[in-house]
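# Summary of structural features
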Amino acid sequence: MRRTHLVATVAAVGLLAAACAGRPAPATEVATPGTSAAAATTASGGAGHSPSSSSGPTPTPVASLGPGEGTVSVVAIDGYAEWGGVDPKVKWVGTFEKETGCKVSLRYYDPRQEEKPGDFPPSSFDVISATPEVSGRLMDEGKAAPLNTAQLHGYDKIPKRLRTLPSVTRGERVYGVPYVWATNEVVYDAGKVSPDGPESLFKDKGPVMFRDRPLSLADAALALKAEGTDIGADIKDPFDLTDAQLDAAAELFTSDEDGRRVFWRDPVEVVQGFATRSVRLAQATSYHLDVLRRGHKPVRALMDRPVTGWADAWMMSSQAPHPSCAYKWLDFTMSADVQRKVSAWMGLAPANPEGCTGAARRICADYRVGTSRAFRGVYFAVRPEAYDKWVERWSRVVS
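Owing to the predicted nature of the structure, the values given are computational and were not obtained by experimental measurement.

## Section: the pairing of strand E8 (residues 185-189)
The buried count for E8 comes to five of five residues, which makes it a mostly enclosed element. Residues of E8 alternate between two faces, with Glu185, Val187 and Asp189 on one and Val186 and Tyr188 on the opposite face, all of them buried. Bridge count for E8 against strand E12 (residues 299-301) is three bridges, and the pairing is antiparallel. By the bridge assignment for E12, Tyr188 is matched with Arg300.

This is the structure:
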């Protein structure tokens, strides 16, 4: 499985990126959401429950916690819970086990497959790292538990903007603890092009790279808004679009007759594209820009805002078998030490600014963590109400 963090080194092309490795740990499973029920049987030794679209009435947040049940079932995006299997120097799962006495049963999943029906039986896991698409679904289906934030000692260290995002809240209730975040920037080869604005991603002769994700349609919506057309002028939130606005956003991608638009899934693809100078512009992140600059590549990013962004979070299952250890895990992920490690490993901004030390310091500078400019002009992703329409439009774009 390809690692989603980037390691920058001056080399022949100015860069060396990615690390690949298997995961031989006996307590670890690699699973897609579609196999979560079966994986749960392997991980916990119990019977997997039948998938359902809802887990019943929303539970109330726990009032108090016990000493811990001795185990916790963690479902994670690759790279978000490291035990040293890829790099012996990159690990924090073992530290959690030693500090809490909660043995971690760890599974990985690919969030790009989250739209398959019957995913994530709530009794099959305790905690899960969730993208905005996944977190929205878990809340909608009653599979995420509301949290008692008074039991999370590091919660107040996370900026209010992240704590109150609609991707982790419903009304007055909190369902997720932000973990890492990033923004989508317009990155370009300054030796080849001088873009005027976000619309240049769709007007340039290319090749242009876009992130292969339905929510990339929101970046097209921002381009429509920037152009000031009739349909774009009415866009208030790029993640809340009418059918007509969604169609117009999709059309920006499909209007390329020469097919010089490329869709990336692994961040390494962006680095390689600019390193070989085979790409003119890309929808990328601030960390991409920093890596390329350190490799002495003539790349820049548009400074104009607004931009889109996203924040991934940890959530607890509404039927968590081990709630006390689950809360201990949530609290642990907010600690400065874990935040520093995951930020440095993934190239994403830590939710807790206290993690901006050591190897994460440069990444925090990329994302302006802890400053008044960090979230300025950022539309953070949320799962759209009609997400199935976004998926369908996007399938047409990339087909």
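## So, the pattern of salt bridges
When the charged atoms of two side chains lie near each other, side chains of opposite charge can form a pair. Under the definition given, this model contains 19 salt bridges. The shortest N-O distance in the salt bridge between Arg305 and Glu185 comes to 3.4 Å. One end of the pair, Arg305, is in the loop between E12 and strand E13 (307-316); the other, Glu185, is in strand E8, and 120 residues separate them in sequence.

## Things to note about the sheet that holds strand E11 (residues 281-284)
Spatially, E10-E9-E11-E8-E12 is the arrangement adopted by the five strands of the open sheet, whose pairing is mixed. At either end of the open sheet lies a strand with only one pairing partner, and these are strand E10 (261-264) and E12. Neighbour to neighbour, the strand axes of the sheet diverge by 25 degrees on average, direction disregarded. Examined bridge by bridge, strand E9 (residues 208-211) and E10 share four bridges and lie parallel to one another. By the bridge assignment for E10, Phe210 is matched with Phe263.

## Thoughts on the state of the cysteines
Applying the stated criterion to the full structure yields two disulfides. Cys102 shares a disulfide with Cys325; S-S distance 2.0 Å. Across the S-S bond linking Cys102 and Cys325, the dihedral sits near -80 degrees, which makes this disulfide left-handed. Of this pair, Cys102 sits in the loop between helix H2 (93-100) and strand E3 (103-109) while Cys325 sits in helix H11 (residues 323-333); the two residues are 223 residues apart in sequence, bridging distant segments of the chain. The exposure class assigned to Cys102 is buried, which follows from its relative accessible area of 1%. Accessibility expressed as a relative area gives 0% for Cys325, which makes it buried. Disulfide pairing places Cys356 opposite Cys364 at an S-S distance of 2.1 Å.

## Here we look at unusual backbone geometry
Backbone phi values are negative for most residues with the exception of glycine, while trans is the configuration of most peptide bonds. The omega torsion of the bond from Gly206 to Pro207 falls at 5 degrees, within 30 degrees of zero and hence cis. Looking at where Pro207 falls in the secondary structure, it is placed in the loop between helix H5 (200-203) and E9. Omega for the peptide link from Arg305 to Pro306 comes to 15 degrees, which places this bond in the cis form. Residue position: Pro306 is located in the loop between E12 and E13.

## Focus: the packing of helix H8 (residues 243-254) against helix H14 (residues 387-398)
The geometry of H8 relative to H14 is characterised by a closest axis approach of 9 Å and an angle of 20 degrees between their N-to-C directions. The angle between H8 and H14 falls in the class roughly parallel. When you trace H8 past H14, the crossing you get is right-handed. Side by side, H8 and H14 meet where Asp243, Leu246, Asp247, Ala250, Phe253 and Thr254 of the first sit next to Lys389, Trp390, Arg393, Trp394 and Val397 of the second.

## Quick look at the side chain of Thr183
Within the secondary structure layout, Thr183 lies in strand E7 (residues 176-183). Residue class for Thr183 comes out buried when judged on its relative accessible area of 2%. A polar atom in the side chain of Thr183 sits 2.8 Å from the side chain of Glu185. Dropping the residues within four chain positions of it, Thr183 is found in contact with Ala284, Thr285, Ser286, Val307, Thr308, Gly309, Trp310, Tyr367 and Val378.

Conventions we followed
- Residues numbered from 1 in each chain as written.
- Predicted model: local features only at pLDDT ≥ 70, side-chain atom pairs only at ≥ 80, totals over all residues.
- Heavy atoms only, no water.
- Buried < 20%, exposed > 50% of the residue type's maximum accessible area, 1.4 Å probe, protein only.
- Helix = DSSP H or I, 4+ residues; strand = E, 2+ residues; numbered from the N terminus.
- Pairing = 2+ DSSP bridges.
- Salt bridge = Lys/Arg side-chain N within 4 Å of Asp/Glu carboxyl O.
- Axes fitted to C-alpha atoms, helices over the stretch in contact; angles between N-to-C directions.
- Disulfide = S-S within 2.5 Å.
- Parallel < 35°, antiparallel > 145°, perpendicular 65-115°, else oblique.
- Left-handed = near helix turned anticlockwise from the far one by under 90°.
- Contact = heavy atoms within 4.5 Å.
- Polar contact = N/O pair within 3.5 Å; in protein donor to acceptor, adjacent residues only side chain to side chain.

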